[in-house]
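Okay, here's what each chain looks like letter by letter:
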Amino acid sequence: MSSSVPQKVRGMQDIFGEYQRYFNFLKKVARHEFRKNGFTRISTPIVEMQELIVRSAGIGSDVVSKEMYSFQDRKGRELVLKPESTAGVMRAYLENFLDEPQPVYLYYIEPHFRYDRPQKGRYRQFHQVGAEIIGEIDPVLDAKMIHIGCSVLDNIGLKGRYKLKLNSLGVAKEREKYVQELQSFFEARAHLLDETDIARLRANPLRILDSKNEDVKELLKVAPKITDFLKKESKDFYSKVKAYLDILGVEYEEDHTLVRGLDYYSHTVWEWVDGSGRTQDAFGGGGRYDDLSKNIGHKESVPAVGFALGAERLIETLVDTGVKLRNKDAIHLYFIQLGEDATKMILPLSIEARNRGVNSMLSLGTPSLKVQMKKANRLWARYVAIVGIMEAKKGICQLKDMLNGTQEELRLSDLLDRVVANIDAKELDFYSPTKDFVIEEPKTDSEPSENS
Ligand code: AMP
């Protein structure tokens, strides 16, 4: 056995420091947006039955054919680490929400796992912020969902930096006819395709629309278009989605080659892509998936629409575009003590600091003043209060302003007034958990019941 510490698993990341702050920010913006629109949060298990994912994403999808983290548990059950959440949320809906008022509005912020080739913006464990409206069919829901996704992107600082691509896949019957025509079109031109595209054409012809091959891209301009195969009902549905998007002020670009990689979509599909044109990678996407419930084995079709945004890709774009976050973890006040008497004086002040919204830290152990100052520097502490043996005797401290390097002598009883007065009020953190709960008295048997 090697004596070195095993490294992190390829394609997986530790999330800490600044990256974690972006992640929290994204979660906060998304949570706010979803809450404002009547969504509640759901977390489904990391592990699902493999059958659920195979039936939902489809056997020909990349997710199922190449990227699944599948394994058997000790009882031989075939399980997977979830590659996405829509199938799990639909499963959870069927198990828990059928008797609730419909439609049901759910959102999630979850890790997902795909055995993809790791690169920037593509990881084997990644996170998605997503939402689903399940149990009602109405084109206004599709438009509303798109608008909510756009609001999240706008509110994290990406307004004007992304494009929305839109398409309609119609219903299964229309798609079948289209797929046949598409397949014949490309079979007749098979000599122009490379091996990958031939394989795609035979396994899942729709995937040819994602081809990166320039010849295929040219051919696609004259190939059959899905929108030409839509019947009146599907066309009307699509027109209404677009009309509602116009009312909501959402700009979109129609792209008849957009199909998305998973098999469960019908009618509206969309994708948010980087508007800079620097990368092909999408920030996220969504669509209507009225057939998913049946595909996974439910007796009826349950209409639904949803989207997912890729957290890592958004965070990396925020960093690249220079969106800087306020550091709420910053240390406002660092206490340096020299001796036990000083520690005894500082300890109650650290509690007062907490109650007044100030982030503080105590120096511990017995390192020298120099070592402690270095530490305060490394932590970017805004102020340092030094209490040496003399100061402890007199009830005073030396307060050092680390931004402009000045120092003053202060009574310990005045310390927090001074620090609070000089810190931007926005920086102070006053969260009080007691605002978030009440304790209900347990009902006793002697209390009259509501009916008596
Ligand atoms: P999908 O579920 O495939 O439609 O993906 C939705 C979004 O999730 C994509 O547009 C990406 O932003 C993100 N995403 C998908 N796969 C990965 C991955 N392997 N690593 C990081 N982000 C991903």
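Every value quoted in this text rests on a predicted model; they were computed, and no experiment measured them. (Residues numbered from 1 in each chain as written. Predicted model: local features only at pLDDT ≥ 70, side-chain atom pairs only at ≥ 80, totals over all residues. Heavy atoms only, no water.)

This part takes up the overall build of the protein. Within the protein one finds 15 helices and 16 strands. Taking 2.2 N^0.38 as the reference for a compact globule, 452 residues should give roughly 22 Å; the C-alpha atoms of the protein span a radius of gyration of 29 Å, well beyond that estimate. Each principal axis of the C-alpha atoms in the protein carries an extent, and together these give about 90 × 70 × 55 Å. Among the 452 residues that make up the protein, the fraction classed as buried is 46%. Here the analysis covers contacts within the protein between residues at least 6 apart in sequence; of these, 70% occur between residues at least 24 apart. Computing the positive centroid from 67 side-chain charges and the negative centroid from 68, the protein places the two 5 Å apart. (Helix = DSSP H or I, 4+ residues; strand = E, 2+ residues; numbered from the N terminus. Rg over C-alpha atoms; globule rule 2.2 N^0.38 Å. Buried < 20%, exposed > 50% of the residue type's maximum accessible area, 1.4 Å probe, protein only. Contact = heavy atoms within 4.5 Å. Lys, Arg positive; Asp, Glu negative; His and termini not counted. Charge placed at Lys NZ, Arg CZ, Asp CG, Glu CD.)

For the coordinates displayed, the defined rule picks out 13 aromatic pairs. Relative to F113, the ring of Y69 has its centre 6.5 Å away and its plane inclined at 80°; by these criteria the two rings are edge-to-face. Note that Y69 is positioned in strand β3 (residues 69-72) and F113 in strand β5 (residues 104-113), a separation of 44 residues in sequence. Judged by relative accessible area, Y69 falls into the buried class, the value being 17%. On the basis of relative accessibility, which here comes to 8%, the residue F113 falls in the buried class. Considering the side-chain rings of F185 and F186, the 5.1 Å spacing of their centres and the 80° angle between planes classify their relative orientation as edge-to-face. (Phe/Tyr/Trp six-rings, centres within 6.5 Å; stacked < 30°, edge-to-face > 60°.)

All right, on to the site of the ligand then. Near the ligand there are 13 residues, and of these R114, Y123, Q128, R260 and A282 occur at the shortest range. R260 places a side-chain nitrogen or oxygen 2.7 Å from an oxygen atom of the ligand. Burial of the ligand by the surrounding chains reaches 90%, relative to a free accessible area of 480 Å². Of all the elements in the fold, those that place two or more residues in the shell around the ligand are β6 (125-134) and β10 (282-288). No other element matches the 3 residues that β10 contributes to the shell around the ligand. Looking at the shell around the ligand, its residues break down into 4 nonpolar, 4 polar and 5 charged. (Near = heavy atom within 4 Å. Polar contact = N/O pair within 3.5 Å; in protein donor to acceptor, adjacent residues only side chain to side chain. Areas by Shrake-Rupley, 256 points an atom, 1.4 Å probe, with all protein chains shown as cover. Nonpolar A, V, L, I, M, F, W, Y, C, P; charged D, E, K, R; others polar.)

What follows concerns the pattern of salt bridges. Scanning the model with the defined rule gives 29 salt bridges in all. The closest approach of N and O atoms between D73 and R77, which form a salt bridge, is 2.6 Å. Judged by relative accessible area, which is 22%, D73 ranks as partly exposed. Taking the relative accessible area as the measure of exposure, R77 reaches 42% and is therefore partly exposed. Across the pair E181 and K177 runs a salt bridge, and its minimum N-O distance is 3.7 Å. (Salt bridge = Lys/Arg side-chain N within 4 Å of Asp/Glu carboxyl O.)

Glancing now at unusual backbone geometry. For the peptide bond that leads from Q102 to P103, omega is -5°, which places it in the cis range. Looking at the element boundaries, P103 is found in the loop between α4 (86-96) and β5. The phi dihedral of H267 is positive, around 50°, even though this residue is not glycine. Tracing the backbone through its elements, the reader meets H267 in strand β9 (residues 266-274). Unlike most non-glycine residues, W380 shows phi in positive territory, near 55°. Take W380: it is sitting in the loop between α13 (369-378) and β14 (383-387).

Pairing between the strands of a sheet comes from backbone hydrogen bonds, and it takes one of two forms, parallel or antiparallel. The 5 strands lie next to each other as β13-β12-β14-β15-β16, forming an open sheet whose pairing is mixed. At either margin of the open sheet sits one strand with a lone partner, and together these are β13 (360-362) and β16 (407-411). On average, each strand axis in the sheet is inclined to that of its neighbour by 25°, with strand direction left out of account. Examined bridge by bridge, strand β12 (residues 333-337) and β13 share 3 bridges and lie parallel to one another. Among the inter-strand pairings, Y334 is bridged to a residue of β13, identified as M361. Along the sheet, α13 contacts β12, β14 and β15 (396-401); its crossing angle with β12, the most-contacted strand, is approximately 170°. Of the strands in this sheet, β12, β14, β15 and β16 touch helix α15 (residues 412-422), which is tilted by about 130° from β16. (Pairing = 2+ DSSP bridges. Axes fitted to C-alpha atoms, helices over the stretch in contact; angles between N-to-C directions.)

As a further point, take the packing of helix α5 (residues 139-158) against helix α9 (residues 232-248). One can describe the packing of α5 onto α9 by two numbers: an axis separation of 8 Å at closest approach and a directional angle of 45°. Taken together, the axes of α5 and α9 lie oblique to each other. Crossing of α5 over α9 shows right-handed handedness. Counting all contacts with α5, which are made through P139, V140, D142, A143, K144, I146 and H147, the residues of α9 involved are F237, K240, V241, Y244, L245 and L248. Grouping the amino acids of the contact of α5 with α9 by side-chain chemistry returns 9 nonpolar, 1 polar and 3 charged. (Parallel < 35°, antiparallel > 145°, perpendicular 65-115°, else oblique. Left-handed = near helix turned anticlockwise from the far one by under 90°.)

One frequent convention defines the size of an interface as the accessible area lost when the parts assemble. According to the domain assignment, the protein consists of domain 1 (17-170 + 230-320) and domain 2 (333-435). Summarising the inter-unit geometry, the C-alpha centres of domain 1 and domain 2 are found 47 Å apart. (Domains from an automatic or database assignment.)

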